[in-house]
Amino acid sequence: MSFDKVLSQSHVVRYFQGTISKGRLAHAYVFCGPDGVGKALFARELAKALLCEKVDESDGNSTGNKDACDVCKSCRTADKGENPNLSWITPAYKVIPISSIQELDRLAALKPVESRRRVFVIEEAEKMSVEAANCLLKTLEEPPPGVVILLTTTSLLRLPRTIVSRCQVLRFHPLEPDVLKRLITKNFDVANDVDGLEWLTRASCGSMGRAATLINEEAVSRRRKLFDRLSSLHPEDNFLISQEVLDWCPHDKDEGLEVRRSQLRVWMCLMLEYYRDALLCKVGAGDIGLFNSDAQDNISTKARRLSVGTIMNIMDEIEYSLEGLQRNANINLLVENMFTRIARLEAIT
Ligand SMILES: [Zn+2]
């Protein structure tokens, strides 16, 4: 069964199985949730089910099959990316241009090929240009019959409200720890490192995308380095530390700033977890399980030096910078300011 490939999102699978049985499919959906939790995978499996020749949509109380069969011609061509009724749009050089949506428009007006419908998936829909979004809006206002459009995004705020209001929104949750652990073990060579696997599962916060960033050897040694730097912050070192962290988030010429931002988010979240652990040590709750239990000595020394109020202010500072990152602030300035303010807060404790 195709939907079985979708892990940790059983609420969405159940929703669609019910919707398909009742024949109440909407013409557009937005799948919203963090990176690496299976939004695109689900879109593919749903598209297959909506196009599968064996799926029974006959009547409301039918107990027939609601899932893609994986063997009919439609399913097989969909798996190969060759199904003429399934079109997949992804950003090219960080933007979805108007030409991609105009092509969607053109195909949507045509009769499906030996099928009851056409399905369009727009991945990372927040990357549509303004013109592309306006063009899509027109299609959403008067959708041709038999057309289903699936959009994926990490943030509803980054999509025009006019588009969101014309779609059904389904939220995707972070992966459950057991599921994530199984996926990490299956995809990366970590089965022999029990402590490493535990840490990676916690630090990935339910996202395979984040796990992939953290998995390499370099990331492990950089995390140690970051914690060493945090253990003795001096206001005069801020520029160097900022540069070091920024160097760990290279600017990818093809992928653009988005990849850099998401890598930086990982390091900033690790800092937040470091200070959260320090707060637990400070209030005598360190034994309930630190996020970074392998760095306990470093963290308890830090906790002894700072007051509860200072640690909380520093955590606010990091949260504030994470929000800035989401709002597309200047990355270099944001990181430098964050370290400067943290060092100042620590100095006056
Ligand atoms: Zn099929």
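Residues numbered from 1 in each chain as written. Predicted model: local features only at pLDDT ≥ 70, side-chain atom pairs only at ≥ 80, totals over all residues. Heavy atoms only, no water.

### Side note on the layout of surface pockets
How we decide: Space inside and on the surface of the protein is sampled on a 1 Å grid over the protein atoms alone, with a cavity defined as a set of points where a 1.4 Å probe fits but cannot get out and a pocket as an open set with protein on both sides within 12 Å along at least 5 of 7 lines; lining residues have an atom within 4 Å of a point. Grid points are joined across faces, edges and corners, and a volume is the space filled by probe spheres set on the points. In DSSP terms, a helix is any run of H or I states spanning at least four residues, a strand is any run of E spanning at least two, and both are numbered starting from the N terminus. Side-chain classes follow a simple rule in which Ala, Val, Leu, Ile, Met, Phe, Trp, Tyr, Cys and Pro form the nonpolar group, Asp, Glu, Lys and Arg form the charged group, and the remainder, Gly included, forms the polar group.
There is about 1300 Å³ of room inside the largest pocket. Taken together, 44 residues form the lining of the largest pocket, with Pro34, Asp35, Thr154, Ser262 and Arg265 sitting closest to its centre. At eight residues, the largest contribution of residues to the lining of the largest pocket is made by helix H12 (residues 257-282). Here the residues of the lining of the largest pocket are counted per class, giving 14 nonpolar, 14 polar and 16 charged.

### Notes on the sheet that holds strand E4 (residues 147-153)
For clarity, the cut-off: Any two strands with at least two DSSP bridges between them are considered paired. In this description, a line fitted to the C-alpha atoms serves as the axis of each element, helices being fitted only across the stretch in contact, and the angle between N-to-C directions of two axes falls anywhere from 0 to 180 degrees.
With respect to topology, five strands assemble into an open sheet ordered E2-E3-E4-E1-E5, the strand pairing being parallel. Since the sheet does not close on itself, it has two edges, and those belong to strand E2 (86-89) and strand E5 (168-171), each with one partner. Strand-to-strand twist in this sheet, taken as the mean axis angle between neighbours without regard to direction, amounts to 15 degrees. The pairing of strand E3 (residues 118-122) with E4 spans five bridges and is classified as parallel.

### A closer look at the side chain of threonine 152
The following threshold applies: The contact criterion used throughout is that any non-hydrogen atoms of two residues lie within 4.5 Å.
Relative to the assigned elements, threonine 152 resides in strand E4. Ignoring any residue separated from it by four or fewer positions in sequence, one finds threonine 152 in contact with Phe31, Lys39, Ile122, Glu123, Glu124, Ala125 and Glu126.

### Quick word on the nonpolar core
Our working rule: Within this scheme, the nonpolar core is defined by two criteria: the residues are buried Ala, Val, Leu, Ile, Met, Phe, Trp, Tyr or Cys, and they are joined through side-chain atoms within 4.5 Å. Remark: exposure states derive from per-residue accessible area (1.4 Å probe, protein chains only) relative to the maximum for the residue type, with buried under 20%, exposed over 50%, and partly exposed in between. For each domain, the first and last residues come from an automatic or database assignment.
Ranked by internal contacts, the top residues of the largest apolar core, which has 84 residues, are Phe31, Tyr275 and Ile318. Here this core gets 13 residues from one element, more than from any other, and that element is H12. Counting contributing residues, this core receives three or more from each of domain 1 (2-171) and domain 2 (216-347). Other than its neighbours up to four places away in sequence, phenylalanine 31 contacts Phe16, Lys39, Phe42, Ala43, Leu46, Leu150, Leu151, Thr152, Thr153, Leu170 and Phe172. One finds Cys32, Ile101, Leu156 and Val164 within the second-largest nonpolar core, a separate group that totals 27 residues.

### Focus on the packing of helix H14 (residues 308-326) against helix H15 (residues 331-347)
The following threshold applies: Should an angle lie under 35 degrees it is considered roughly parallel, over 145 roughly antiparallel, and from 65 to 115 roughly perpendicular; all remaining angles are considered oblique.
Two elements in contact, H14 and H15, have axes separated by 10 Å at closest approach and are oriented at 175 degrees. Judged by the angle between their axes, H14 and H15 are roughly antiparallel. For the pair H14 and H15, the contacting residues are Thr310, Asn313, Ile314, Glu317, Ile318, Tyr320, Ser321, Gly324 and Leu325 in the first and Ile331, Leu334, Met338, Arg341, Ile342, Leu345 and Glu346 in the second.

### Let's talk about H12
One turn of an α-helix holds 3.6 residues; hence residues three or four places apart share an orientation. Threshold: An expected span of 1.5 Å times one less than the residue number is assigned to each helix.
The end-to-end C-alpha separation of H12 is 37 Å, in line with the 38 Å expected for 26 residues at 1.5 Å each. At the exit of H12 stands glycine 284, carrying a positive phi of roughly 75 degrees.

### Describing the domain arrangement of the chain
We note that the domain assignment places domain 1 (2-171) and domain 2 (216-347) within the chain. Placing the centre of domain 1 and that of domain 2 at their C-alpha centroids yields a distance of 38 Å.

### Brief notes about the coordination of the zinc ion
Threshold: Metal donors were taken as nitrogen, oxygen and sulfur atoms no farther than 2.8 Å from the ion, or 3.2 Å where the ion is Na, K or Ca. Water is excluded, so coordination may look unfinished. Angular criteria define each label, namely tetrahedral for four donors with all angles between 85 and 135 degrees, square planar for four and octahedral for six donors with opposite donors over 155 degrees apart and remaining angles between 65 and 115, and irregular for whatever fails these tests.
The protein atoms that coordinate the zinc ion are Cys52 (SG), Cys69 (SG), Cys72 (SG) and Cys75 (SG), at distances spanning 2.3 Å. Every donor counted, the four donor atoms about the zinc ion form angles of 104 to 116 degrees at the centre, which fits tetrahedral coordination. Read from N- to C-terminus, the donor residues coordinating the zinc ion fall into the pattern C-x16-C-x2-C-x2-C. The exposure class of cysteine 72 is buried, given its relative accessible area of 4%.

### A look at the pairing of E3
How we decide: Place the viewer so that the strands point away; then a crossover is right-handed whenever the path from the first strand over the helix to the second strand goes clockwise.
Taking burial as the measure, the five residues of E3 include five buried ones, the bulk of the element. Side chains of E3 alternate between two faces, with Arg118, Phe120 and Ile122 and Val119 and Val121 buried alike. In the sheet, E2 pairs with E3 via four bridges, with the strands oriented parallel. Its bridge partner lying in E3, tryptophan 88 is registered against valine 121. A crossover connection joins E2 to the parallel E3 through helix H4 (residues 98-108); in handedness this β-α-β unit is right-handed. Regarding the hand of the β-α-β motif, the stretch spanning E3, helix H5 (residues 130-141) and E4 is right-handed.

### Some thoughts on the packing of helix H1 (residues 10-22) against helix H2 (residues 39-51)
Convention followed: Handedness of a helix crossing follows the sense of rotation of the near helix relative to the far helix, less than a right angle counterclockwise being left-handed and clockwise being right-handed.
In contact at an axis separation of 12 Å, H1 and H2 are set at 15 degrees when each is read in the N-to-C sense. Regarding the angle of H1 to H2, the classification is roughly parallel. Seen along the crossing, H1 lies across H2 with a hand that is right-handed. Two secondary-structure elements touch here, H1 through Val12, Val13, Phe16 and Ile20 and H2 through Phe42, Leu46 and Leu50. Taken together, the residues of the contact of H1 with H2 break down into seven nonpolar, no polar and no charged.

### Quick notes on a nonpolar patch on the surface
Threshold: To count toward a patch, a residue needs a relative accessible area over 30% and no salt bridge; like charges are then connected within 9 Å, while nonpolar side chains (Val, Leu, Ile, Met, Phe, Trp, Tyr) are connected within 5 Å. Every accessible area reported is derived by Shrake-Rupley at a probe size of 1.4 Å, with residue values counting cover from the shown protein chains alone. What counts as a salt bridge is simple: a side-chain nitrogen of Lys or Arg found within 4 Å of a carboxyl oxygen of Asp or Glu.
A cluster of nonpolar side chains, Val283, Val308 and Met312, forms an exposed patch at the surface whose accessible area comes to about 250 Å². Looking at the secondary structure, you find methionine 312 in helix H14. According to the relative accessible area criterion, methionine 312 is partly exposed, its value standing at 44%.

### Structural notes on the environment of cysteine 72
Looking at the secondary structure, you find cysteine 72 in the loop between H2 and helix H3 (73-79). Separated by 101 residues in the primary sequence, cysteine 72 and histidine 173 place their C-alpha atoms 31 Å from one another. Leave out the neighbours within four places in its chain, and cysteine 72 touches Cys52, Glu53 and Lys54.

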